[in-house]
Amino acid sequence: MAACGLTRDEALEMLRKGVSNLNLQRHCLATGAIMRSLARTRGADEDLWETTGLLHDLDYEETESTPEIHGLKTAERLEGLLPPECIDAIKAHNGENNGFARKTDFDRLLTAAECVTGLITATALVYPDRKLAPVEPRAVVKRMTKTGFARSVSREGIMECEKAGWSLDDFVALSLEAMKSISEDLGL
Ligand SMILES: [Fe+2]
C-alpha cells in the first residue's frame, strides 16, 4: 500500500468536523485503535490502518436515511488522500447495502473491527462501573450467540475476521486490548 496522505492529527480533525455524535466519534476511535493493533501483528503501516478505521464512517450522519450510499460518499471525499486499497475497504465495510464486495483481508478486517467495537462496548456497559477494565475476552465471545444482546451488532460482520485468518477468540482479545488502551478517549 502507498503511504497515507493524511497525518493522524489531520484524520482526527476530519473525524471531529465530519461526525458530530460523540458516540459515533468514539466508535471511529475504537475502530482505528483496533486497526492499528491489527497492522502491528503483520508489520503493516499502522498509521494508515488506523486512519482508515478513524475515517470509515465519515459520511454516516449524512447517509442515515440513504444507507445504499453509506461509504461511497466518504470514498469520494477521501479520494487522493488515502490509497485506493483504503478507499475500497471503506466502501466494502457497507457492502451489504452499497453492493461493493469485500475482496481483501484488509477489507474484511475493517468490517470485523468496526462491528466488534459495538459488542465490546455493549459488554462493558453491563458491568457495574460501565468500564472496559474488568471485561475479559470470553465475556465478549459469550455474547456472540446471544442474539437478543446488542441486537444491532452484526455477528456476520465480526466473523469476517475468520476469513482474514483470525480465530474469533484471538480477534476479540486483540480488539479488547486495543480499546482498553484508549479507554479514556472512549469514555469507558
Ligand atoms: Fe462503523
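Residues numbered from 1 in each chain as written. Predicted model: local features only at pLDDT ≥ 70, side-chain atom pairs only at ≥ 80, totals over all residues. Heavy atoms only, no water.

1. Structural notes on the packing of helix H1 (residues 8-18) against helix H2 (residues 22-41)
For the record, the criterion: All axes are obtained by fitting lines to C-alpha atoms, using only the stretch in contact for helices, and the reported angles, taken between N-to-C directions, cover 0 to 180 degrees. Secondary structure elements are defined from DSSP: runs of H or I of at least 4 residues count as helices, runs of E of at least 2 residues count as strands, and each element is numbered from the N terminus. Angle categories: roughly parallel below 35 degrees, roughly antiparallel above 145, roughly perpendicular from 65 to 115, and oblique for all the rest. What makes a crossing left-handed is the near helix being turned counterclockwise from the far one by less than a right angle; a clockwise turn instead makes it right-handed. Any two residues whose heavy atoms approach within 4.5 Å are treated as being in contact. Residues were grouped as follows: Ala, Val, Leu, Ile, Met, Phe, Trp, Tyr, Cys and Pro as nonpolar; Asp, Glu, Lys and Arg as charged; and all remaining residues, including Gly, as polar.
Two elements in contact, H1 and H2, have axes whose closest approach is 10 Å; the angle formed by their N-to-C orientations is 150 degrees. By the criterion of interaxial angle, the relationship of H1 to H2 is roughly antiparallel. Like other packed secondary-structure pairs, H1 and H2 cross with a definite hand, here right-handed. Residue-level inspection shows Arg8, Leu12, Leu15 and Arg16 of H1 in contact with H2, the latter providing Gln25, Cys28, Leu29 and Arg36. In terms of residue class, the contact of H1 with H2 is made up of 4 nonpolar, 1 polar and 3 charged.

2. Some points on the nonpolar core
Operational definition: For our purposes a nonpolar core is just a set of buried Ala, Val, Leu, Ile, Met, Phe, Trp, Tyr and Cys residues, chained together by side-chain atoms within 4.5 Å. A simple rule labels every residue: compare its accessible area, found with a 1.4 Å probe on the protein chains alone, to the largest value its type can have, and call it buried under 20%, exposed over 50%, or partly exposed in between.
In terms of nonpolar packing, the biggest core is built from 60 residues, with Leu38, Leu82 and Phe171 touching the most fellow members. Looking at this core, the element that brings in the most residues is helix H7 (residues 105-124), giving 11 residues. Filtering out sequence-adjacent residues up to four positions away, leucine 82 remains in contact with Cys4, Leu6, Leu48, Thr51, Thr52, Ile87 and Ile90.

3. A word on H1
Short version of the rule: This arc is built from the directions going out from the helix axis to the C-beta atoms.
Those residues of H1 lying buried are Ala11, Leu12 and Leu15. With its buried residues spanning 100 degrees around the axis, H1 presents them on a single face. Those residues of H1 that are exposed and angled more than 90 degrees off the buried face are Asp9 and Lys17.

4. Some words on the side chain of threonine 117
Put simply, the rule is: N or O atoms closer than or at 3.5 Å make up a polar contact, with two conditions inside protein: a donor-capable atom paired with an acceptor-capable one, and, for residues adjacent in sequence, both atoms drawn from side chains.
Looking at the element boundaries, threonine 117 is found in helix H7. Looking at threonine 117, the relative accessible area reads 4%, which means it is buried. Within the structure, the side chain of threonine 117 is placed 2.8 Å from the backbone oxygen of glutamate 114, a separation counted as a polar contact. Residues within four places of threonine 117 in sequence aside, it is in contact with His27, Ala30, Thr31, Ile34 and Met179.

5. Quick look at the pattern of salt bridges
In plain terms, the rule: A side-chain nitrogen of Lys or Arg and a carboxyl oxygen of Asp or Glu constitute a salt bridge if their distance falls within 4 Å.
Tallied over the full model, the rule gives 13 salt bridges. A salt bridge links glutamate 13 to lysine 17; its shortest N-O distance comes to 2.9 Å. On the criterion of helical spacing, the pair formed by glutamate 13 and lysine 17 is a turn pair, its members being 4 residues apart in helix H1. Of the residues examined, glutamate 13 reaches a relative accessible area of 44% and is grouped as partly exposed. Of the charged contacts in the structure, one is a salt bridge between glutamate 46 and arginine 36, with a shortest N-O distance of 3.2 Å. Here arginine 36 lies in helix H2 and glutamate 46 lies in helix H3 (residues 46-55), a separation of 10 residues in the sequence.

Function cannot be read off these values alone, since they describe shape.
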